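Architecture at a glance
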Amino acid sequence: MSVYVYDTPEELAGAAAREFADRAGEAIAERGRFAVVLAGGSTPEAMYGILASDYDDQIDWSKVYVFFGDERTVPPHHDDSNHKMASEALLDHVPVANVHRMRGELPPDEAAAAYEEELRTFFRTEEVPRFDLILLGIGADGHTASLFPETAALEVSDRWVVANPVLKLDAARITLTVPVINAARTVTFLVAGEDKAETLKKILESDADPRAYPARLIQPQGGPEWMLDRAAASALS
Ligand code: 6PG
């Protein structure tokens, strides 16, 4: 596990954009393509904007295949859609090879099954797919992707994508499961803001129950990378 702390959210976003470009260059050089999972929420938006403005000609976007870690059960143009946020910040501005959208407008179980099928087709495998990079955030409640505390998706090991009922949201979310996230070559958490500080301490510096802090379930080979701003890191020893 590596932890990198940046003075401000802007510096964090800039460093995350550079990391994305480096991982893309490596993957394209070694395997001819970059299969990347984008995070939703608000934290990555600034980084996506920097990729769109400063890296439009530094990444071979024609070899970048974009996926999502999770999606809300809403249509693609809904303000809550992660696809909408990522499209407005990045995907509408760069010529990516393909964007694989989780279809939140479908009945949740159908959307999950369809996305899993899309992964099988893209990766042409029955083994757990290995993404080159998976970007994640954490919620103040310790969730990551849409793996929320005490929810059914946390235990799923025989599916790659599930519809996860989240009682406190009174909604289901579509999410990649733990095995898929842990199979990635690199998993990078982007965390900013004082409101995440105590949660981050629990995740990184305690033996808290992973059911209560699902981000603790994310243990890819070599451990995840944590890219933090100073406010989010303020409770770490
Ligand atoms: C989502 C995200 C979710 C997000 C965290 C942090 O769909 O909301 O995938 O896991 O990363 O909730 O969100 P913020 O970046 O907005 O704090």
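Before any of the text, the structure's been laid out above.
Below or above, wherever it landed, is the structure these notes cover. (Residues numbered from 1 in each chain as written. Predicted model: local features only at pLDDT ≥ 70, side-chain atom pairs only at ≥ 80, totals over all residues. Heavy atoms only, no water.)

In this section: helix α2 (residues 45–54). The complete set of buried residues in α2 reads Met47, Tyr48, Leu51 and Ala52. Projected onto a plane normal to the axis of α2, the buried residues spread over an arc of 140° and lie on a single side. The inward-facing, buried residues of α2 contact α1 (9–31), β2 (34–38), α3 (82–91), β6 (133–136) and β9 (186–191). (Buried < 20%, exposed > 50% of the residue type's maximum accessible area, 1.4 Å probe, protein only. Helix = DSSP H or I, 4+ residues; strand = E, 2+ residues; numbered from the N terminus. Arc of directions from axis to C-beta. Contact = heavy atoms within 4.5 Å.)

Counted at 1.5 Å a residue, the expected span for helix α4 (residues 108–123) with its 16 residues is 22 Å, and the 23 Å between its end C-alpha atoms agrees. Considered for burial, the residues of α4 that qualify are Ala111, Ala112, Ala114, Tyr115, Glu116, Leu119, Phe122 and Phe123. The inward-facing, buried residues of α4 abut β2, β3 (64–68), β7 (161–166) and β8 (171–176). Where α4 terminates, the next one or two residues include Arg124, which has phi positive at roughly 50°. (Expected span 1.5 Å × (residues − 1).)

In this section: the nonpolar core. Counting 80 residues, the largest nonpolar core has Phe20, Leu38, Met47, Tyr48, Phe131, Leu176 and Trp226 as its most contacted members. At 10 residues, α1 tops the list of elements feeding residues into this core. If near-sequence neighbours (up to four positions away) are discounted, Leu38 is found in contact with Phe20, Tyr48, Val66, Phe67, Phe68, Gly69, Ala86, Leu91 and Leu135. (Core = buried A, V, L, I, M, F, W, Y, C linked by side-chain atoms within 4.5 Å.)

Our next topic: the site of the ligand. Residues in close proximity to the ligand total 15 residues, the closest being Thr43, Asp70, Arg72, Ala145 and Lys196. Note that an oxygen atom of the ligand is positioned 2.6 Å from one of the side-chain N or O atoms of Arg72. Within the contact set of the ligand, an oxygen atom lies 2.8 Å away from a side-chain nitrogen or oxygen of His143. In isolation the ligand exposes 410 Å². Once the protein is present, 87% of that is buried. Partitioned by chemical class, the residues of the shell around the ligand number 2 nonpolar, 9 polar and 4 charged. (Near = heavy atom within 4 Å. Polar contact = N/O pair within 3.5 Å; in protein donor to acceptor, adjacent residues only side chain to side chain. Areas by Shrake-Rupley, 256 points an atom, 1.4 Å probe, with all protein chains shown as cover. Nonpolar A, V, L, I, M, F, W, Y, C, P; charged D, E, K, R; others polar.)

In this section: the side chain of Lys196. Relative to the assigned elements, Lys196 resides in the loop between β9 and α6 (197–205). Within the buried core, Lys196 has no salt-bridge partner, and the shortest N-O distance to an opposite charge, that of Asp195, equals 4.7 Å. A polar contact of 2.9 Å, which involves the side chain of Lys196, links it to the backbone oxygen of Ile138. Leaving out residues up to four positions away in the same chain, Lys196 has contacts with Thr43, Ile138, Gly139, Ala140, Val191 and Ala232. (Lys, Arg positive; Asp, Glu negative; His and termini not counted. Salt bridge = Lys/Arg side-chain N within 4 Å of Asp/Glu carboxyl O.)

In short, shape yes, function no, at least from these values alone.
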